[in-house]
Amino acid sequence: MEILLELNLKQKLATRLGTILVATVIFGGFCWDNALASLTLGAVVALLLRNPTFVFALVMTASRDLKAFQRFVALNIYLLKKDRGGFTVARCFQEQARRRPKKTCFVMDDRRLSFAEALEFSQKIARYFKDRGLEEGDCVALLMETRLEYPCIWLGLSQLGVITALINSNLRGESLLHSIKVANAKALIVGSELLDVLKSLREKEQLEDVPIYQYTDEEVRGVAGHDLLPGAVDLASALKTQKKLQLPSTARPEESRSKLLYVYTSGTTGLPKAAVITNLRFIFMSAGSYYMLRISSDDVVYDPLPLYHTAGGIVGVGNAILNGSTVVLRKKFSARNFWLDCNRHNCTVAQYIGELCRYLLATSYDPEQQKHNLRLMYGNGLRPQIWSRFVRQFGIPHIGEIYGATEGNSNLINITNRVGAIGFVPVYGSRLYPVQVLRCDEYTGELLKDSKGHCIRCLPGEAGLLVGKVDARRAVSAFHGYADKGASEQKLLRNVFTSGDVFFNSGDMVVRDILGYFYFKDRTGDTFRWRGENVATQEVEAIITNCVGLEDCVVYGVQIPHVEGKAGMAAIVDPDRKVDMDYLSVVLRGSLPTYARPLFIRLLDEIPRTATFKLKKRELAKEAYDIGRLSDPIYYLNRDGIYKPLSQEQYESLRSGRAGL
């Protein structure tokens, strides 16, 4: 992380400022009686003397900020037009389909849908469910794996004002039932590939009152395991003879702010929460990356991410729906086929999430991997430790790192290829843009207040909590919360700087440098305290991951009886038990201070994760280092600095407080 700037940058600044001063003096010499010239010279000198760091940052980022300003203005003009015109996502898509009816809209494997075909399918969905009595404000749960028809189904329902709950297709049991019920779904559309999941719920009589519409692809119709579920409606067959429903010729102004989707948070802690996505929110999330990263309708976008989450289902698919690009889908991400798919479909843009980049790097190197036409890869979570290597190994001209949450309004974007940065805010706009960094206790996440009871902004180089000011009038800073209003209130901070103001709590710790770039540090709650020091888990994870060959690794704090704080524990995916513990011991000893070195190492076959590849730490932290319950190898950091298998005697000493910690 580059908090301090290199000497050569300072030399560049000196040159630029020198040029400015010389020009000002010359100008003042010719027109010394001119009050404006004298004022200009005085202002420049005063600003340099009073705040040289600000001037330094201002000069160094001028071209960056001008580029960002132009794109941000264009984005906001677009959003304003859509908002005032009452545009829904369905209406935007209809415009695109009529403009380019024969162009390919969605591609998956050997199948493709043109814009006209996708529009027709969505219009049939709209008419079919209107005839079934669904109306504005109702909700339908959509449970299916990625397929071409997936976005068309919720687009069709949205024409009626019906909200679609995008259910995670990996959920089972109680989590699945909760997701359907918390949305108050009036019907459920399910893909035939997930019938077994649904049968288990019906057998327990937990979904008896919800009508089920089964969608079966033609190529698997009649195949064992895809038979029509008893009592379900064969939706694919019904749509073959279904007439279309056209959108009204005029839009209502309030339609753009109506609810469109429920997208569920990943559920790393507790049950998933249904975040509300309005039409305007969808338009902002998709158009934001389109405008800020200069994606065009001529681009072919590779989207290998699940469609029930924001990244794949909104930011990715939105390139086709709103902007007329062709979007290539994949049922499930494959590191081996990633570059093959990009070549096969002549993709020019591809999406990522951080873990996928590491999976791609972990594959064996092949020069063919650079034979692609990608000009841009964009997404979120690309770790600074692998960023440069990823770009170099795969020949990626531009990385667009995006920061944001499904339900959040703390939005940032890195359009300059700055390694490790999640985005930036111009130094002159730090108090104008709704994103702020607040001082807090890194261990507890508790905000620190001044003598007046108000929060304190962090200075450059200080780690703090990232928050976003809530303003319902603007698409950029609105917060629509969750279907559960109680859960929505828990994410809000009130009276932060002034009485009555409201901010969204991202839960993320970040650092801002003097140029206005932001860098992710940790999640609040992930940082733990040991030996009187705060341990940032991401830093430790990065070192271990690089040491063990980019295998999955998570670091978390575990409680030891009779000892204050939490000791570090690392879980490493190592099914073949190949990790060299002696080498790892040496690396950690040379890279981390004593308090930051994990006390325990656990080797396991796989780490539990969410559908978007986020690793679940809480489950591992609960299991801790209990060798009586765990069959995985547990290693303990001995006094000689070497990790060795945790013995029963050592375990008993730890539990009884006799370990000398």
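Residues numbered from 1 in each chain as written. Predicted model: local features only at pLDDT ≥ 70, side-chain atom pairs only at ≥ 80, totals over all residues. Heavy atoms only, no water.

Under the annotation held in an unreviewed UniProt entry, the protein carries the name Very long-chain fatty acid transport protein and is attributed to Drosophila erecta. Per UniProt, the protein has the following entry under Sequence similarities (unreviewed entry): "Belongs to the ATP-dependent AMP-binding enzyme family." (UniProt positions renumbered as here; feature names shortened; annotations may be inferred.)

Caption draft 1: Just the overall build of the protein, in detail. Scanning the protein for helices and strands turns up 21 helices and 28 strands. Of all 661 residues assigned to the protein, the portion counted as buried reaches 56%. Taking the intrachain contacts of the protein between residues at least 6 apart in sequence as the baseline, contacts between residues at least 24 apart amount to 69%. Carbon and sulfur atoms provide 51% of the accessible area of the protein, an area that totals close to 29,500 Å². (Helix = DSSP H or I, 4+ residues; strand = E, 2+ residues; numbered from the N terminus. Buried < 20%, exposed > 50% of the residue type's maximum accessible area, 1.4 Å probe, protein only. Contact = heavy atoms within 4.5 Å. Areas by Shrake-Rupley, 256 points an atom, 1.4 Å probe, with all protein chains shown as cover.)

Caption draft 2: Layout of the side chain of N337. Residue position: N337 is located in the loop between β11 (326-329) and α14 (338-344). Ignoring any residue separated from it by four or fewer positions in sequence, one finds N337 in contact with Y302 and R330.

Caption draft 3: Representation of a nonpolar patch on the surface within the structure. A surface patch of nonpolar side chains, amounting to about 270 Å² of accessible area, comprises F69, V73 and I77. For V73, the location among the structural elements is in helix α4 (residues 62-84). (Patch = residues over 30% accessible without salt bridge, like charges linked within 9 Å, V, L, I, M, F, W, Y side chains within 5 Å. Salt bridge = Lys/Arg side-chain N within 4 Å of Asp/Glu carboxyl O.)

Caption draft 4: Structural detail: the packing of aromatic side chains. One pass over the full model with this rule turns up 20 aromatic pairs. Taking 6.2 Å as the distance between ring centres and 70° as the angle between the ring planes, the aromatic pair formed by F72 and Y433 counts as edge-to-face. Within this pair, whereas F72 is found in helix α4, its partner Y433 is found in the loop between β16 (423-424) and β17 (435-438), the two being separated by 361 residues in sequence. On the basis of relative accessible area, F72 is assigned to the partly exposed category, the value being 26%. Seen from their ring centres, Y128 and F129 are 5.1 Å apart, and the 85° between their planes marks the pair as edge-to-face. Taking the relative accessible area as the measure of exposure, F129 reaches 1% and is therefore buried. One aromatic cluster is present, built from ring pairs that chain together Y302, F333, F338, W339, Y359, F390 and F394. The lysine or arginine in question, R64, covers the ring of Y517, its NZ or CZ lying 4.7 Å from the ring centre. Looking at K273, its charged tip hangs above the ring of Y482, at a distance of 5.4 Å from the centre. (Phe/Tyr/Trp six-rings, centres within 6.5 Å; stacked < 30°, edge-to-face > 60°. Lys NZ or Arg CZ within 6 Å of the ring centre and 35° of its normal.)

Caption draft 5: Up close: the confidence of the model for the protein. Averaged over every residue, the pLDDT of the protein is 85; residues scoring 70 or more account for 89%. This model gives residues 1-8 a pLDDT under 50, and the stretch forms 14 contacts once residues within four places in sequence are excluded. Scored below 50 in pLDDT, residues 18-33 shows 12 contacts in the model against residues more than four places distant or in partner chains. (pLDDT = per-residue confidence, 0-100.)

Caption draft 6: Broad picture of the sheet that holds strand β12 (residues 349-353). A sheet is described by the order of its strands in space; here 8 strands give the open sequence β2-β1-β11-β10-β12-β13-β14-β15, paired in mixed fashion. Looking along the sheet, the strands with just one partner apiece sit at the ends: β2 (111-114) and β15 (412-414). Going across the sheet, the axis of each strand differs from the next one's by a mean of 20°, ignoring polarity. Taken strand by strand, helix α6 (residues 115-131) contacts β1 (104-108) and β2, and its axis lies near 80° from that of β2. (Pairing = 2+ DSSP bridges. Axes fitted to C-alpha atoms, helices over the stretch in contact; angles between N-to-C directions.)

Caption draft 7: Local environment of the nonpolar core. Grouped together as the largest cluster of nonpolar side chains are 81 residues, with contacts concentrated most on F106, F129, W154, I189, F282 and I321. The biggest single contributor to this core is α6, with 8 residues. Excluding anything up to four places from it in sequence, W154 contacts V89, T164, L166, L260, L261, F282, G313 and I321. Grouped together as the second largest cluster of nonpolar side chains are 47 residues, V540, A570, L592 and A624 included. (Core = buried A, V, L, I, M, F, W, Y, C linked by side-chain atoms within 4.5 Å.)

Caption draft 8: Focus on the sheet that holds strand β5 (residues 187-191). The 7 strands lie next to each other as β7-β6-β5-β3-β4-β8-β9, forming an open sheet whose pairing is mixed. Every other strand in the sheet has two partners, leaving β7 (233-234) and β9 (274-278) as the edge strands with one partner each. When strand β3 (residues 139-143) meets β5, the two strands line up parallel, connected through 4 bridges. Its bridge partner lying in β5, L143 is registered against V190. Lying on the sheet, helix α7 (residues 150-158) is in contact with β3, β4 (163-166), β5 and β8 (259-264); it crosses β4 at an angle near 150°.

Caption draft 9: Local environment of the packing of helix α18 (residues 537-547) against helix α19 (residues 581-591). Contact geometry for α18 and α19: axes closest at 10 Å, N-to-C directions at 140°. The two elements α18 and α19 meet at a crossing, and its hand is right-handed. Within the contact between the two elements, α18 uses I543, I544 and C547 and α19 uses Y583, L584, V587, L588 and S591. Here the residues of the contact of α18 with α19 sort into 7 nonpolar, 1 polar and no charged. (Left-handed = near helix turned anticlockwise from the far one by under 90°. Nonpolar A, V, L, I, M, F, W, Y, C, P; charged D, E, K, R; others polar.)

Caption draft 10: Geometry of helix α8 (residues 173-182). Residues of α8 that are buried include every one of L176, L177, S179 and I180, and no others. Projected onto a plane normal to the axis of α8, the buried residues spread over an arc of 160° and lie on a single side. Residues of α8 that are exposed and point over 90 degrees away from its buried face: E174 and K181. Two residues or fewer past α8, N184 is found with a positive phi of approximately 55°. (Arc of directions from axis to C-beta.)

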